[in-house]
Each structure stands twice: as structure tokens, then as C-alpha cells.
Amino acid sequence: MFENLSEKLEGAIRTLKGSNRITEVNVANTIKEIRRALLDADVNYKVAKDFTDSVKEKALGQKIQIAVEPGQMLVKIVYDELTQLMGGTKQDINLSGNPAIVLMAGLQGSGKTTFSAKLAHYLKKQNKRVLLVACDVYRPAAIEQLKTLGQQLDIEVYSEPENKNPVEIAQHAVEYAKQNKYQVVIVDTAGRLAVDEEMMDEISRLKETLQPSETLFVVDAMTGQDAVNTAKAFYDRIQYDGVVLTKLDGDARGGAALSIRAVVDRPIKFIGTGEKVGDLDVFHPDRMASRILG
Ligand code: GDP
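Residues numbered from 1 in each chain as written. Predicted model: local features only at pLDDT ≥ 70, side-chain atom pairs only at ≥ 80, totals over all residues. Heavy atoms only, no water.

Residues and numbers for the sheet that holds strand β5 (residues 214–220), please.
Taken in spatial order, the eight strands make up an open sheet running β3-β2-β4-β1-β5-β6-β7-β8, and their pairing is mixed. The outermost strands of the open sheet, each flanked by one partner alone, are β3 (157–158) and β8 (280–282). Sheet analysis places β5 next to strand β6 (residues 242–246), joined by five bridges and oriented parallel. Looking at the pairing, Phe 217 lines up with Val 243 of β6. Together, β5, β6 and β7 (268–272) form the strand contacts of helix α10 (residues 255–264), whose direction differs from that of β6 by roughly 170°. (Pairing = 2+ DSSP bridges. Helix = DSSP H or I, 4+ residues; strand = E, 2+ residues; numbered from the N terminus. Contact = heavy atoms within 4.5 Å. Axes fitted to C-alpha atoms, helices over the stretch in contact; angles between N-to-C directions.)

Report on the packing of helix α2 (residues 24–40) against helix α3 (residues 45–61), specifying residues and quantitative values.
Between α2 and α3, whose axes approach to 10 Å, the crossing angle comes to 155°. Taken together, α2 and α3 sit at an angle that is classed as roughly antiparallel. Like other packed secondary-structure pairs, α2 and α3 cross with a definite hand, here right-handed. Only Tyr 45, Ala 48, Lys 49, Phe 51, Thr 52, Asp 53, Val 55, Lys 56, Ala 59 and Leu 60 of α3 make contact with α2, whose side of the interface consists of Glu 24, Val 27, Ile 31, Ile 34, Arg 35, Leu 38 and Leu 39. Tallied by class, residues from the contact of α2 with α3 come to 11 nonpolar, one polar and five charged. (Parallel < 35°, antiparallel > 145°, perpendicular 65-115°, else oblique. Left-handed = near helix turned anticlockwise from the far one by under 90°. Nonpolar A, V, L, I, M, F, W, Y, C, P; charged D, E, K, R; others polar.)

How would you explain the pattern of salt bridges if you had to name every residue and give the values?
With the rule as written, the count across this model stands at 21 salt bridges. Between Lys 90 and Asp 92 there is a salt bridge, and its shortest N-O distance comes to 2.7 Å. When its relative accessible area of 52% is taken as the criterion, Asp 92 is described as exposed. The closest approach of N and O atoms between Lys 269 and Glu 214, which form a salt bridge, is 3.0 Å. Placement of the pair is Lys 269 in strand β7 and Glu 214 in strand β5, with a sequence separation of 55 residues. Each member of the pair, Lys 269 as well as Glu 214, carries the same accessibility label: buried. (Salt bridge = Lys/Arg side-chain N within 4 Å of Asp/Glu carboxyl O. Buried < 20%, exposed > 50% of the residue type's maximum accessible area, 1.4 Å probe, protein only.)

A description of the packing of helix α8 (residues 197–210) against helix α9 (residues 225–238) should follow, citing residues and the corresponding values.
In contact at an axis separation of 10 Å, α8 and α9 are set at 45° when each is read in the N-to-C sense. What the angle tells us is that α8 and α9 run oblique. The interaxial crossing formed by α8 with α9 has right-handed handedness. Each of Glu 197, Met 199, Met 200, Asp 201, Ile 203, Ser 204 and Lys 207 in α8 lies in contact with α9, whose residues at this interface are Ala 233, Phe 234, Arg 237 and Ile 238. Looking at side-chain class alone, the contact of α8 with α9 contains six nonpolar, one polar and four charged residues.

An account of unusual backbone geometry is needed here, citing residue identities and associated values.
Put simply, Asn 98 and Pro 99 share a cis peptide bond, and its omega is 0°. For Pro 99, the location among the structural elements is in the loop between α4 (70–85) and β1 (100–105). Even without being a glycine, Gln 211 presents a positive backbone phi close to 50°. In this structure, Gln 211 sits in the loop between α8 and β5. The residue Asp 265 is not glycine, and still its phi comes out positive at about 55°. With respect to the helices, strands and loops of the structure, Asp 265 is situated in the loop between α10 and β7.

Quick rundown of the pairing of strand β2 (residues 130–135)? Include the residues and the values.
For a regular strand, the rule is simple: side chains alternate between the two faces of the sheet. β2 sits mainly inside the fold: six of its six residues count as buried. Judged by which residues are buried, β2 turns out to be covered on both faces: Val 130, Leu 132 and Ala 134 on one side and Leu 131, Val 133 and Cys 135 on the other are all buried. Direction of pairing for β2 relative to strand β4 (residues 184–189): parallel, over a ladder of six bridges. Pairing of Leu 131 across the sheet is with Val 185, part of β4. By the bridge criterion, two bridges tie β2 to β3 in an arrangement that is parallel. Note that in β3 the partner of Leu 132 across the bridge is Val 157. With helix α6 (residues 140–153) bridging β2 and its parallel neighbour β3, the resulting β-α-β unit is right-handed. (Right-handed = clockwise from strand over helix to strand, strands pointing away.)

Give a detailed account of the site of the ligand, specifying residues and quantitative values.
Not every one of the 17 residues close to the ligand is listed here, only the nearest: Gly 109, Thr 113, Thr 114, Asp 249 and Glu 275. Gly 111 is positioned with one of its backbone polar atoms (N or O) 3.0 Å from an oxygen atom of the ligand. Between the ligand and Asp 249 there is a distance of 2.8 Å, counted from a nitrogen atom to a side-chain nitrogen or oxygen. When the ligand is considered free in solution it has 580 Å² of accessible area, and contact with the protein chains removes 80% of it. The biggest single contributor to the shell around the ligand is helix α5 (residues 112–124), with four residues. Across the shell around the ligand, the residue classes tally to one nonpolar, 10 polar and six charged. (Near = heavy atom within 4 Å. Polar contact = N/O pair within 3.5 Å; in protein donor to acceptor, adjacent residues only side chain to side chain. Areas by Shrake-Rupley, 256 points an atom, 1.4 Å probe, with all protein chains shown as cover.)

Have a look at this one:
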């Protein structure tokens, strides 16, 4: 992932090579190239513009340091700005409550069910007692998918195949969790192919009733600008706490990772890097910035 972006940023910064200081004139071209690299990576236009304006301002404001080359100085500025753009510091999932409730939201195919299982596995490794809840009442296959994953991981999956009311199922699951001393309840919900009222109503009713300590919006990074638009549409309705960016192992160009935080002001907390249950990473903005800069 991000190979193209890395290469283009490197190329852009290289245009400063040979100059012994940063000036308005020689930095202008580099800044233009950086902006182009971001737009090519599908970064939202306004985000790319604000980003490069800020890099330019910082670069021109830097005192000349004899020991540091302008290229190196710019790399450091771009690194800092990328880190800030992605949220600055790592943000942890909030697991307060007894049990703690984690609610998943997102479109169908975004990776909610897979991520629910990944998160359950991740928390189980930290010795937490986790219950998974299948609340997709429209697709029996989704319930089966979660049950299969639960079996593989030896994690219990709560479902009520005859019940078509997700709010009721989730409430029963929380009661069940209390009785059985589960510490974390992960609620996987139904998604649809596009944002629609019915799905939004359902997820907001679930959020209102359950009062989860953490609501996570799951989104496919490969969908680029669409990912950002969907993130905004969900945020306007349910003010989720964090974002999970999935499929970063594919040929995602990076735009979603770089734009989401600026557009919805919610941190990316986890990334999905494969189909397997262990393919989950906690999101560290600084590490991602290093990775992008190669
Ligand atoms: P849901 O409809 O939101 O529950 O989505 P699923 O969890 O069923 O995932 C949809 C597809 O994406 C499945 O084929 C998953 O194996 C795949 N998937 C989910 N997360 C990732 C990921 O991080 N990387 C890759 N390559 N595939 C993923």
C-alpha cells in the first residue's frame, strides 16, 4: 500500500536537491508536486490544499540550519504534518462499562463481520471474556459467517435467528453477557450497499438503546473518496467514536487514511490488513507517516 504515494513524495522532495536553502521560488515547485502526489493518492482536494499550504508555511518559516539540507528539512516537515493529519497520537478503544459494549457500523462488504471477529480475537488475547453478537437480521449468511469465525476462535456468538428486531437481540445479548460474566460485547450490525434511511435509523436506534462505550465505523480503504463521503454520512447521523480502515493490504492509494480525520474529526483506531483473523493493527499515525515516506 501507498507505494505510489511514497514514490511520488520522494520524487517531489528530491526536486529540492542541490539547493542549499529553501526559498519561495524553489519550494513552490516541490509543493506543487506534493499536492499532485496527494491528489493522485485520492486525497480529498481541500485536505490536500490545506496540507500543502501548511507545509509551505512551515518550510518558509524555518530558520536556515547549516547542518541540515533543505530536502531533509522538508522530509521532517512533511512527516510531522502527515502525522498530524492522521490524528497525531494513537487513540485507544474505550472499553468502559460492565460489560463494555462495542457497536459496529458501516456499509455491507466494508469488513464489519471480519473486523468484529478480529477485534474479539485481539481482546481475547488480552484475557478479556468476549461475546460476539450477530445482529444482521436481513442476511442469514452473515450470522453463519460470524458463527463460523466464532467457532474457529473459540468465542461464543449470540444470535436469535427467528428474531427480526436487532435492538431486541442486542438487548438480550447484553443481559446474557451480564449473567455470564462477559466483559466485552461486540455487536455486528447489518450494512447495505449504500447509505439509506432505514439502515441509519436502525444503527442510531441501536446506539441510543445500547449506549456503547465505543461505536466504530468500518470502511473499506480501497473505496478512496467514497470512503470519506460515507464516513461523513455516518458521522452526521451517529457520531461514532472511531474509524476502522479495512483492506489496506490491497491497492488502496492512501486517500482515505489521509483524509478521514480532517473531514470527520474522529480518529482511525484500527486498520485491517488482510482476510485472516490476525490481520488487525492498532493505528499509529506516526508509524503510518514513516511508512508513507518510506
Ligand atoms: P461486512 O459485510 O461489512 O460484514 O463485510 P465482511 O466482513 O463480510 O467482509 C467483506 C469481504 O472483505 C470478505 O471477503 C472479507 O474477507 C474481506 N475483508 C475484510 N477485511 C479485510 C481486510 O482487511 N483485507 C482484505 N484483503 N480483505 C478483507
